[in-house]
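The lines below spell out each chain.
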Amino acid sequence: MPSPRTARALARLVDLTPRRIVAELDRYIIGQSSAKKAVAIALRNRWRRQHAPDTIRREISPNNIILIGPTGCGKTEIARRLSTLAAAPFVKVEASKFTEVGYVGRDVESMVRDLIEAAMDLVRSEREAEITSEASERVEERLLDALLPAPAPAVAPKPADPATTADAPSASPNIFLVGASGAATTAPISDAETDRHQRTRDKLRTLLRDGQLEQRTIDLDMPVSAPPMMGMVNQPGAQEGMEQFTQMLQDMLPKRTRKRTMTVAEARRVLLSQEFDRMLDRDDVIAEAIERTEQTGIIFLDEIDKIAGQRGGQAGPDVSREGVQRDLLPIVEGSAVQTKYGTVKTDHVLFIAAGAFHVSKPSDLIPELQGRFPIRVELLPLTEADFVRIMTEPEHALTKQYAALVASEGSSLTFAADGIAELARVATVCNARMENIGARRLHTVMTTLLEELLYGLPESGAEGLVVDAPMVRARLEDVSQDEDLRRYIL
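Residue numbers run consecutively from 1 along every chain, following the written order of its sequence. Given that the model is predicted, a residue must reach a pLDDT of at least 70 before its local features are reported, and side-chain atom pairs must reach 80 or more before they are shown or counted; all residues, however, enter totals for whole chains, interfaces and linings. Computation of side-chain values: all heavy atoms of the structure, hydrogens and water removed.

Structural notes on helix 6 (residues 110-147)
Counting from the N terminus, the helices are DSSP H or I runs at least four residues long and the strands are E runs at least two residues long. A helix is expected to span 1.5 Å for every residue after the first. When the terminal C-alpha atoms of helix 6 are compared, their 46 Å separation across 38 residues is substantially less than the 56 Å that a helix rising 1.5 Å per residue should span. Take the seven residues that end at a residue and the seven that start at it, fit an axis to each, and the angle between those axes is the bend at that residue. Within helix 6, the axis deviates most sharply at I131, by approximately 60°.

Description of the nonpolar core
To define a nonpolar core, start from buried Ala, Val, Leu, Ile, Met, Phe, Trp, Tyr and Cys residues and group those joined through side-chain atoms within 4.5 Å. Three exposure classes are used, based on accessible area relative to the maximum for each residue type with a 1.4 Å probe and protein chains only: buried under 20%, partly exposed in between, and exposed over 50%. F98, M111, I299, L301, L328 and F351 are the most contacted members of the largest nonpolar core, which totals 39 residues. When contributions to this core are tallied by element, the ones reaching two or more residues are strand 1 (65-68), strand 2 (90-94), helix 6, helix 10 (282-296), strand 7 (298-302), helix 11 (321-333) and strand 10 (350-355). Residue contributions to this core peak at seven residues, all from helix 6.

Section: the side chain of T448
Tracing the sequence through the fold places T448 in helix 16 (residues 440-460). Classification of T448 as buried rests on a relative accessible area of 18%. Here a polar contact is recorded for every N or O atom pair within 3.5 Å, except that within protein the pair must consist of a potential hydrogen donor and a potential acceptor, and residues adjacent in sequence are included only if both atoms are side-chain atoms. At 2.9 Å, the side chain of T448 forms a polar contact with the backbone oxygen of T444.

Points about the pairing of strand 7
Within strand 7, five of the five residues are buried, which leaves the element mostly enclosed by the surrounding structure. Covered by surrounding structure in strand 7 are I298, F300 and D302 together with I299 and L301, the residues of both alternating faces. Pairing geometry for strand 7 and strand 10, over four bridges, is parallel. By the bridge assignment, L301 is partnered in strand 10 with A353. What makes two strands pair is DSSP finding at least two bridges between them.

Description of the packing of helix 15 (residues 417-433) against helix 16
Contact pair helix 15 / helix 16: the axes reach a minimum separation of 9 Å and the direction vectors enclose 120°. With respect to helix 16, the axis of helix 15 lies oblique. Crossing geometry of helix 15 relative to helix 16 is assigned as right-handed. On helix 16, the residues that touch L423, V426, A427, C430 and N431 of helix 15 are R441, L442, V445, M446 and L449. Think of it as three bins: nonpolar holds Ala, Val, Leu, Ile, Met, Phe, Trp, Tyr, Cys and Pro, charged holds Asp, Glu, Lys and Arg, and polar takes everything else, Gly as well. Counted by class, the contact of helix 15 with helix 16 contains eight nonpolar, one polar and one charged residues. As a rule, the C-alpha atoms of each element are fitted with a line to give its axis, helices using only the stretch in contact, and angles between N-to-C directions run from 0 to 180 degrees. Oblique is the label for any angle not covered by the other classes, which are roughly parallel (under 35 degrees), roughly antiparallel (over 145) and roughly perpendicular (65 to 115). In this scheme the handedness of a crossing depends on how the near helix is turned from the far one: anticlockwise by less than a right angle means left-handed, clockwise means right-handed. In this description, contact between two residues means that some pair of their heavy atoms is separated by no more than 4.5 Å.

Section: the environment of I290
Along the chain, I290 falls in helix 10. For I290, a relative accessible area of 14% translates into the label buried. Along the primary structure I290 and V123 are separated by 167 residues, whereas in three dimensions their C-alpha atoms are 9.9 Å apart. Each residue touching I290, except ones within four places of it in the same chain, is listed here: I116, Y341, G342, T343 and V344.

Quick word on unusual backbone geometry
Even without glycine at this site, Q32 takes up a positive phi of about 55°. Assignment of secondary structure puts Q32 in the loop between helix 2 (18-26) and helix 3 (33-50).

Remarks on the confidence of the model for the chain
Every residue is assigned a pLDDT by the predictor, reflecting its confidence on a scale from 0 to 100. Chain-level statistics for the chain give a pLDDT mean of 80 and a share of 77% at 70 or above. Note that residues 168-180 has pLDDT below 50 and, in this model, 12 contacts with residues that lie over four places away or in other chains. Segment residues 231-237 is flagged for pLDDT under 50; beyond a separation of four residues in sequence, or across chains, it makes three contacts in the model.

What to know about the pattern of salt bridges
Definition used for salt bridges: Asp or Glu carboxyl oxygen within 4 Å of a side-chain nitrogen of Lys or Arg. Enumeration over the complete set of coordinates arrives at 35 salt bridges. Here R201 and E141 are joined by a salt bridge, their closest N and O atoms 2.9 Å apart. Residue R201 is found in helix 7 (residues 191-209), and its partner E141 is found in helix 6; the two are separated by 60 residues along the sequence. We classify R201 as buried; its relative accessible area is 9%. Each member of the salt-bridge network shares a partner with another, and the members are E140, E141, D145, R201, R205 and R209.

Some thoughts on helix 3
Helix length check: helix 3 (18 residues) gives 26 Å between terminal C-alpha atoms against 26 Å at 1.5 Å per residue, within 8%. Those residues of helix 3 that sit buried are A35, K36, A38, V39, A40, A42, L43, R44, R46, W47, R49 and Q50.

Let's talk about the packing of aromatic side chains
Aromatic rings from Phe, Tyr and Trp, with only the six-membered ring used for Trp, were paired whenever their centres fell within 6.5 Å, and each pair was classed as stacked if the ring planes differed by under 30 degrees, edge-to-face if by over 60, and tilted otherwise. Counted by the stated rule, this structure contains zero aromatic pairs. A ring is scored as having a charge over it whenever the NZ atom of a lysine or the CZ atom of an arginine sits within 6 Å of its centre and within 35 degrees of its normal. When the ring centre of W47 is taken as reference, the NZ or CZ atom of R44 above it lies at 4.2 Å. Lying across the ring of Y28, R81 places its NZ or CZ 3.9 Å from the centre.

Notes on the packing of helix 6 against helix 9 (residues 264-279)
In contact at an axis separation of 7 Å, helix 6 and helix 9 are set at 125° when each is read in the N-to-C sense. The angle between helix 6 and helix 9 places the two elements in the oblique class. Helix 6 and helix 9 meet at a crossing whose hand is right-handed. Touching R124, E128, I131, T132, E134, A135, S136, R138, V139, R142, L143 and L147 of helix 6 are V264, A267, R268, L271, L272, S273, Q274, E275, F276, D277, R278 and M279, all from helix 9. Class assignment of the residues belonging to the contact of helix 6 with helix 9 gives a composition of 11 nonpolar, four polar and nine charged.

Quick look at the sheet that holds strand 2
Judged by pairing direction, the sheet is parallel, and its five strands sit side by side in the order 2-7-10-1-11 without closing on themselves. Pairing within the sheet leaves two strands with one partner each, and these edge strands are strand 2 and strand 11 (375-378). Taken over all neighbouring pairs, the strand axes of this sheet differ in orientation by 20° on average, direction set aside. Where helix 5 (residues 75-86) meets the sheet, its contacts fall on strand 1, strand 2, strand 7 and strand 10, and the angle it forms with strand 7 comes to roughly 170°.

What follows is the structure, encoded as structure tokens:
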């Protein structure tokens, strides 16, 4: 059976069958059913592997996937939505940014370090959500302490030397108290003063909860962070070690504080962060983040076709593409990567690669790397009908986004069916005559269409705006017909 940490991470997958995963993806992504099925099976297999017998669980490798299709057809969106469904650590990296070992640039292990950072943020966010109520109560008490400090007990003055006060008038016995040893002591706070302080504190608590003290300023003692270490931090491979060394020095040095004046609203955010740091067990967070990375992490490796050299072709001016592939191979195959949080094994990290493969093809990758991506799915180019669905069906459709933007100005924006159809036609024509950038063409077309409207909306106060076919043709016909304008604007 899986460990408790992994069980919590995979608990939400119990009800996410492949069919339900595809149904969730359909809410945001139009078409591409083959790709959705492939990633849904890969995600469900993670839950299945954790419930396999111990003797075989370690031998079950993830089915890494290559998504093949033109830009703007949904490759990245599929991987990103998949990680959101599984609440899994996720990073997107471009293979073209990596360089072969020995050259200045990003090394391939950096994507694993990025993944563990994403896991740390994910685990910490989940833990903070569980303790937010208790942490907020502690912050409230600290704010009240800053707004109304507790009354300090009266300190008795030190008794004078009898020899020097022989001729002085006798002091009243109520001025100070002398203990059995002759040392001065503090006078206790009276019950009346304590009650008065508590009543004032209760009134401030009510005002604080009602938000009436948000702009009042208070003084807080804030820790002073050590200055950043300079030197080898910018050199390849040195940053992780320098961060660990800097953290060790900060733990060894005495803590310094300084007073800062800030509003109650600012102080609440600062104090809440401090309380989270105090209440959370950092070692436990790191342990769960490492396990989540190893068992549920997803790395989306985009532009993999850019490092696929043509077999038998001439070497170009770029850093060896095959060298980058060979550096990627052990990470995808399964290896141990050193990070500032500890060692992370990549044996069961799910890799989803993607590329247009216009010039090269998957078979141009080195055979060893091809074997580590056994599932290949071809995504279809988007059609005019797909553009119509993209602008109407998804929950985050572009038409709904622009309607929300216009509504913020107190106006309304409605897209008629013929207007959406005309927008889809213009986008399809532009993709056919120029570079096919898929659904991203809708952004350029929509921006050009609504530019004047959005520019003048705050002052015009127009209401009930409707985007229909005549409006689209009037605004975009000149641009779409002029080849030079179309190339630079659309």
